[in-house]
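Spelled out, the chains give:
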Amino acid sequence: LSLLQIASNTTFSCLIVLLVATAFAMTYGVNRTFDLHLAGAYAVGSHVFVLLYQTGFPSVFAITLAVLASGAVVYLVEVGLYARLRYWKADVSMFFVLSLALYMGITATIALFSGVEAVSIQRSTWSVTIGAIAIGGYQFAGALIGLIVCVGMGLILTATSFGLACQSVACNAKLATTFGVPENQVRSAVAALAGSLAGLAGAIAAGDTGSTPYSGFQILLVAASMVLIWSSRTVSVPWQGFVVVSTIQAFVVWTFSDRWKVPVTLLMMLVALFFSKGSLGSRPLSLRTP
Amino acid sequence: VNLFQSSYLSHIIILLGIYVTLASATTLLVRDCGHMILCSAAIFGLGAYAAAVSSVRVGASVDVAVFLAIAAGAAGGLVTGLVSLLFSVGPAALSTIGVQLVFTTSVKDWEGLTGGPSGIGGIHQGALLGLSLASTRTRAAYSVLLAGLTVMIVRMISRGLIGVKARAGRDDPFLTASFGIDRRVVNLAIWTISGALCGLAGAMYAFHMQYVEPDSFGLEFSTLLFAVTAFEGRRLRLGVLLGAAAFLVLPEMLRWVGSRYESAAHLRQLMLASGLVGVVMFRAASLARESKVVGVEST
């Protein structure tokens, strides 16, 4: 494959990952927790979509129901478990272990009913050709949907009162509550939206590559890299992270092999974290005289 | 009666010993150092591959192979400890996932040495400290000895000065530093010891199964080992043993009741996940209650 073809392939697949990255950015920004169960929501989205599509539902209805199902899962986790942990003032590690357990539980449940083999659907064979680049039609449509949704989410998170409420809870939840921002409702809405985005990504990816219970984990790791590799302080769509990660992945696939793209992406993220503000590799803080 | 006469029970005992060793070594890091470690399987695999490569490719004796496995595990633990100590809680957990993925990918890609995805087979069961490993009962005895030794070492470390220093560093790093204790050195020492124990368990696994392959040491196994450590509570000191037993015995029981092997694995994972959710919620609630009681007493 030519470098141009590899670059376009990674860019198009990263656009679907960007949906999960936006979901991760929202929950990590507002709650400061590593929500591994978003990978479970991804798996729920992909399996519900495949299941409904195979029973004869039109694609649009199947995707809508998949998005609703995965959104409901993450919303229930927030309301039923996370809110209680927050009330008990549990530390971040408790949230992490809980989300790990939820991920395990969700994937095991799916595997129990559908098995671990990839379940794929019959798809059209049309493709889009732009110059020397050929892209599968489904991949192209999925990436286009991903792009439109991410642009929409970017607008919601930066130009609406809901976005402002999210930013204020992320910055200082106590202060936001004092000024009348309903903290719990914001957290619940963020959970529902994040779950829906992860489910949408899962449904889109399932149409192209099929659905397996464990496929969401690596996608979530790459999505987390997109968020953390550039900046993790704001609740927004991680566009810069998307550019950096897709470039790194294209380069790795071109130089080594497809297998190394996830480990190298994680490694780059860790290097970025090491040099980020407040970490060991950053410039030491100093007191300045006014 | 057939069950006890056959080597099946010995096989279960050997695996239980290995799992208890791994879970105990991981618990030391999770409980005393406060690390979230998701690469125990990689360090375990490092030991298994060190034993397999030295035995099959180089033709080393079992004693030498076991020693190399311990050294490889200790080195793997030290390197992972160095990587994870660079970050705070969340990224540190991610860094251990990174170590796990790098290990799995390297083992799959380095076909000349590790045999790639097919792994290494035909590991010769020679004699360890003069006793032949060809007998299943000898391997079972070694496995029980290994588990007992690990539990003893972990208890000694946990109750000793190094354990106290590690827990002090975990609870209040600034106060610990003000007493002149370097938390990083203490944690690295525990990482190295834990890695060596995992490496030893890896060698035991390689010589028992006579075959190693990358999928046996994947992220799922690390996750399950981490989940098992959550069963260790403040009052329930044998939690790791119970967790490891549940992890191993449950699928065997499910197989007996006629469940398919795959379904048994998923059921086991589902039950572990449910147990983990229960443990986390229970511990969070009890910690909140304790802090409330302490708050009332202090006022």
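To start, this report covers the structure provided alongside it.

Definitions and limits used
- Residues numbered from 1 in each chain as written.
- Chains lettered and ligands numbered in written order.
- Predicted model: local features only at pLDDT ≥ 70, side-chain atom pairs only at ≥ 80, totals over all residues.
- Heavy atoms only, no water.
- Helix = DSSP H or I, 4+ residues; strand = E, 2+ residues; numbered from the N terminus.
- Rg over C-alpha atoms; globule rule 2.2 N^0.38 Å.
- Contact = heavy atoms within 4.5 Å.
- Areas by Shrake-Rupley, 256 points an atom, 1.4 Å probe, with all protein chains shown as cover.
- Buried < 20%, exposed > 50% of the residue type's maximum accessible area, 1.4 Å probe, protein only.
- Salt bridge = Lys/Arg side-chain N within 4 Å of Asp/Glu carboxyl O.
- Buried area = accessible area lost by both parts, 1.4 Å probe.
- Polar contact = N/O pair within 3.5 Å; in protein donor to acceptor, adjacent residues only side chain to side chain.
- Nonpolar A, V, L, I, M, F, W, Y, C, P; charged D, E, K, R; others polar.
- Core = buried A, V, L, I, M, F, W, Y, C linked by side-chain atoms within 4.5 Å.
- Pairing = 2+ DSSP bridges.
- Expected span 1.5 Å × (residues − 1).
- Axes fitted to C-alpha atoms, helices over the stretch in contact; angles between N-to-C directions.
- Left-handed = near helix turned anticlockwise from the far one by under 90°.
- Lys, Arg positive; Asp, Glu negative; His and termini not counted.
- Disulfide = S-S within 2.5 Å.

### Considering the overall build of chain A
Secondary structure assignment for chain A yields 11 helices and two strands. Along chain A, helices (α) and strands (β) appear in the sequence α-α-α-α-β-β-α-α-α-α-α-α-α when read from the amino end. Relative to the globule expectation of 19 Å for 290 residues, the C-alpha radius of gyration of chain A, 19 Å, shows essentially globular dimensions. Within chain A, contacts between residues at least 6 apart in sequence are counted, and of these 75% link residues at least 24 apart. Looking at chain A as shown, the accessible area adds up to about 13400 Å², and 68% of this sits on carbon and sulfur atoms.

### Let's talk about unusual backbone geometry
All names here are of chain A. A positive phi angle, near 60°, is found at Arg32, a position not held by glycine. Checked against the element boundaries, Arg32 lands in the loop between helix 1 (3–31) and helix 2 (37–54). Residue Arg32 is classed as partly exposed on the basis of its relative accessible area of 27%. Positive phi is not limited to glycine here, since Lys89 has a value of about 55°. If you trace the backbone, Lys89 turns up in the loop between helix 3 (59–87) and helix 4 (92–114). By relative accessible area, Lys89 is classed as exposed at 73%.

### Comments concerning the pattern of salt bridges
One pass over the full model with this rule turns up five salt bridges over all chains. As a salt-bridge pair, Glu78 of chain A and Arg86 of chain A come within 3.0 Å of each other at their nearest N and O atoms. Glu78 of chain A gets classed as buried once you look at its relative accessible area, which sits at 4%. Classification of Arg86 of chain A as partly exposed rests on a relative accessible area of 23%. Between Asp215 of chain B and Lys108 of chain B there is a salt bridge, with the nearest N and O atoms lying 3.6 Å from each other.

### Regarding the interface of chain A and chain B
Facing 38 residues of chain A, the contacting portion of chain B comprises 41 residues. Between chain A and chain B, roughly 3600 Å² of surface is buried when both sides are summed, and carbon and sulfur atoms account for 83% of that area. Summed over the three residues of chain A that lose the most area to chain B, namely Trp88, Met104 and Arg259 of chain A, the buried surface amounts to 17% of that side. For the pair chain A and chain B, the interface holds zero salt bridges. At the boundary of chain A and chain B, one finds one residue pair in polar contact (both at pLDDT 80 or more). Of all the secondary-structure elements, those providing two or more residues to the side of chain A that touches chain B are helix 3, helix 4, helix 9 (215–228) and helix 11 (261–274) of chain A. Per element, the largest residue contribution to the side of chain A that touches chain B is 15 residues, and it comes from helix 4 of chain A. For the side of chain A that touches chain B, a count of residues per class yields 30 nonpolar, six polar and two charged.

### Examining the nonpolar core
Leu18, Phe24, Phe49, Leu85, Leu98 and Met226 of chain A together with Ile97 of chain B are the most contacted members of the largest nonpolar core, which has 109 residues in total. When near neighbours in sequence (up to four residues on either side) are disregarded, Phe24 of chain A contacts Gly29, Phe34, Asp35, Leu38, Leu220, Ala224 and Val227 of chain A. Counting 57 residues, the second-largest nonpolar core is a separate cluster that includes Ala25, Ala41, Val107 and Phe207 of chain B.

### Regarding the pairing of strand 2 (residues 133–136) of chain A
Consecutive side chains along a regular strand alternate between the two faces of the sheet. Residues and elements named next belong to chain A. The alternating pattern of strand 2 places Ile133 and Ile135 on a buried face and Ala134 and Gly136 on a face that is not buried. Pairing analysis gives four bridges linking strand 1 (residues 127–130) to strand 2, with the strands arranged antiparallel. Counted as the bridge partner of Ser127 is Gly136 from strand 2. Here strand 1 hands over to strand 2 after two residues, with Gly131 in that stretch at a positive phi of 65°.

### Observations regarding helix 9 of chain A
All names here are of chain A. End to end, helix 9 covers 21 Å across 14 residues, agreeing with the expected 20 Å (1.5 Å per residue, within 8%). In terms of burial, helix 9 is a largely internal element, 11 of the 14 residues being buried. What helix 9 keeps buried is the set Gly216, Phe217, Leu220, Leu221, Val222, Ala223, Ala224, Ser225, Met226, Val227 and Leu228.

### Side note on the packing of helix 1 of chain A against helix 5 (residues 137–159) of chain A
All names here are of chain A. Taken N-terminus to C-terminus, the directions of helix 1 and helix 5 make an angle of 35°; their axes are 9 Å apart at the nearest point. Crossing geometry of helix 1 relative to helix 5 is assigned as left-handed. Along its contact with helix 1, which presents Asn9, Phe12, Ser13, Leu15, Ile16, Leu18, Leu19, Thr22 and Met26, the element helix 5 presents Gln139, Phe140, Gly142, Ala143, Gly146, Leu147, Val149, Cys150, Met153 and Leu157. Residue classes in the contact of helix 1 with helix 5 are distributed as 13 nonpolar, six polar and no charged.

### Describing the environment of Phe174 of chain B
Structurally, Phe174 of chain B can be placed in helix 9 (residues 173–178). Once the C-alpha coordinates of Phe174 of chain B and Gly148 of chain B are considered, the two residues, 26 residues apart in sequence, prove to be 36 Å apart.

### So, the side chain of Arg139 of chain B
Residues and elements named next belong to chain B. Mapped onto the elements of the fold, Arg139 is located in helix 7 (residues 136–159). In this structure Arg139 is buried but unpaired, with Asp63 as the nearest side chain of opposite charge at 14 Å. In this structure, Arg139 is in contact with Ile14, Gln125, Leu133, Ala134, Met204, Phe207 and His208, ignoring residues within four places of it in sequence.

### A closer look at the environment of Gly243 of chain B
Looking at the secondary structure, you find Gly243 of chain B in helix 12 (residues 239–256). Look at Gly243 of chain B and you get buried, because its relative accessible area is 0%.

### What to know about the state of the cysteines
All names here are of chain A. One pass over the full model with this rule turns up zero disulfides over all chains. For the unlinked cysteine Cys14, the closest cysteine sulfur is that of Cys150, found at 12 Å. The exposure class assigned to Cys14 is buried, which follows from its relative accessible area of 1%. There is no disulfide at Cys166, and the cysteine sulfur nearest it, in Cys171, is 11 Å away. A relative accessible area of 0% means that Cys166 is categorised as buried.

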